[in-house]
Amino acid sequence: MLLYGNAEFFVNEIQVLLDHNREWAAQIEQEDPGFFGRLAKQQTPEFLWIGCSDSRVPANQITGLMPGEVFVHRNVANVVLQTDLNCMSVVDFAIRNLKVKHVIVCGHYGCGGVLAAMAGNTDGAVDHWLSSIRELYLEHKEDLAGLEQVAAERRLCELNVLRQARSLCRSSVMQDAWRSGQQLTVHAWIYGIENGLLRSLAEPVAAPPES
Ligand code: CO
């Protein structure tokens, strides 16, 4: 097999994206002249989205938000760890500089990261990354054992969102913001890849949790 035998196909495949981009930008400029020029000067998003990298869960599209309206951080299984410099830098910048009003931690059913942690069949870097979800699964293993497999998987996806949202609420960045009087609400959402719908899993949190 020739490694680059299908080079033309691949070039065309990529060219489609560039073509779509030109059409997209032209359409937005037509509907809202000067849109990109204004956006280039500053961004003032009200939302920070922390979600899974899964290609089926695109933050802007499923919430109907335009460029400039949501600051986004995505990683495998929407994990929030205080030791994750990447995630915490995003949270810090969004809160202190952009002054977002809402932080949405969004997971999704059928999350490959959550399912892999549950099955315990990961290795390498992913295994390390998912270790906190593996622990979460082990904490709830007995309860989950009483459910059908699919129901147990869905429940663990939900529990993961709640765990990550709680981890965010306990982070020093969030605690400091609340303590300084900043209006900031954390939302725990889950997305159904099978129906395209978002659902809130808990009451939004607008103050530091007690524990
Ligand atoms: Co996922």
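Note that the coordinates shown come from a computational prediction; the quantities given were computed from them, not determined experimentally. (Residues numbered from 1 in each chain as written. Predicted model: local features only at pLDDT ≥ 70, side-chain atom pairs only at ≥ 80, totals over all residues. Heavy atoms only, no water.)

Caption draft 1: Summary view of the nonpolar core. L48 and L168 are the most contacted members of the largest nonpolar core, which totals 44 residues. Elements that contribute at least two residues to this core include exactly strand 1 (47-52), helix 4 (85-97), strand 3 (102-108), helix 5 (112-119), helix 7 (131-139), helix 9 (149-170), helix 10 (172-179) and strand 4 (185-192). For this core, the leading source of residues is helix 9, giving 8 residues. Beyond its immediate chain neighbours, meaning those up to four positions away, L48 contacts F71, V90, V91, A94, V100, H102, V103 and I104. (Core = buried A, V, L, I, M, F, W, Y, C linked by side-chain atoms within 4.5 Å. Buried < 20%, exposed > 50% of the residue type's maximum accessible area, 1.4 Å probe, protein only. Helix = DSSP H or I, 4+ residues; strand = E, 2+ residues; numbered from the N terminus. Contact = heavy atoms within 4.5 Å.)

Caption draft 2: The arrangement of the environment of G113 in detail. Structurally, the position occupied by G113 is in helix 5. Its relative accessible area of 9% is what places G113 among the buried residues. Apart from the residues lying within four places of it in its own chain, the contact partners of G113 are V76, A77 and L130.

Caption draft 3: Inspection of the coordination of the cobalt ion at higher detail. For the cobalt ion, every protein donor is listed as C52 (SG), H108 (NE2) and C111 (SG), and the spread of their distances is 2.1 to 2.3 Å. Expressed as a motif, the donor residue spacing for the cobalt ion is C-x55-H-x2-C. Of this pair, C52 sits in strand 1 while H108 is found in strand 3, placing the two residues 56 residues apart along the sequence. For C52, a relative accessible area of 6% translates into the label buried. (Donors = N, O, S within 2.8 Å, 3.2 Å for Na, K, Ca; no water.)

Caption draft 4: Region of interest: the domain arrangement of the chain. Once the domains are mapped, the chain shows domain 1 (1-42) and domain 2 (43-200). One C-alpha centre belongs to domain 1, the other to domain 2, and the line joining them spans 29 Å. Each partner contributes to the interface: domain 1 provides 5 residues, whereas domain 2 provides 5 residues. Carbon and sulfur atoms make up 77% of the surface buried where domain 1 meets domain 2, a total of about 410 Å² over both sides. When the buried surface of domain 1 facing domain 2 is broken down by residue, F35, L39 and Q42 rank first, second and third, together holding 78% of it. Between the two partners, domain 1 and domain 2, sit 0 salt bridges. Where domain 1 touches domain 2, the interface holds 0 residue pairs in polar contact (both at pLDDT 80 or more). Of all the secondary structure elements, the ones that give two or more residues to the side of domain 1 that touches domain 2 are helix 1 (7-31) and helix 2 (35-41). (Domains from an automatic or database assignment. Buried area = accessible area lost by both parts, 1.4 Å probe. Salt bridge = Lys/Arg side-chain N within 4 Å of Asp/Glu carboxyl O. Polar contact = N/O pair within 3.5 Å; in protein donor to acceptor, adjacent residues only side chain to side chain.)

Caption draft 5: Structural context of the packing of helix 9 against helix 10. Relative orientation of the contacting elements helix 9 and helix 10 amounts to 55°, with a least axis distance of 5 Å. On the basis of their axis angle, the class for helix 9 and helix 10 is oblique. In this structure, helix 9 contributes L168, C169 and R170 to the contact, and helix 10 contributes S172, M174, Q175 and W178. Considering only residue class, the contact of helix 9 with helix 10 consists of 4 nonpolar, 2 polar and 1 charged. (Axes fitted to C-alpha atoms, helices over the stretch in contact; angles between N-to-C directions. Parallel < 35°, antiparallel > 145°, perpendicular 65-115°, else oblique. Nonpolar A, V, L, I, M, F, W, Y, C, P; charged D, E, K, R; others polar.)

Caption draft 6: Fine view of a nonpolar patch on the surface. Nonpolar side chains collect at one region of the surface, where I14, V16, L17 and L18 lie side by side and expose about 360 Å² of accessible area between them. Topologically, V16 is positioned in helix 1. (Patch = residues over 30% accessible without salt bridge, like charges linked within 9 Å, V, L, I, M, F, W, Y side chains within 5 Å. Areas by Shrake-Rupley, 256 points an atom, 1.4 Å probe, with all protein chains shown as cover.)

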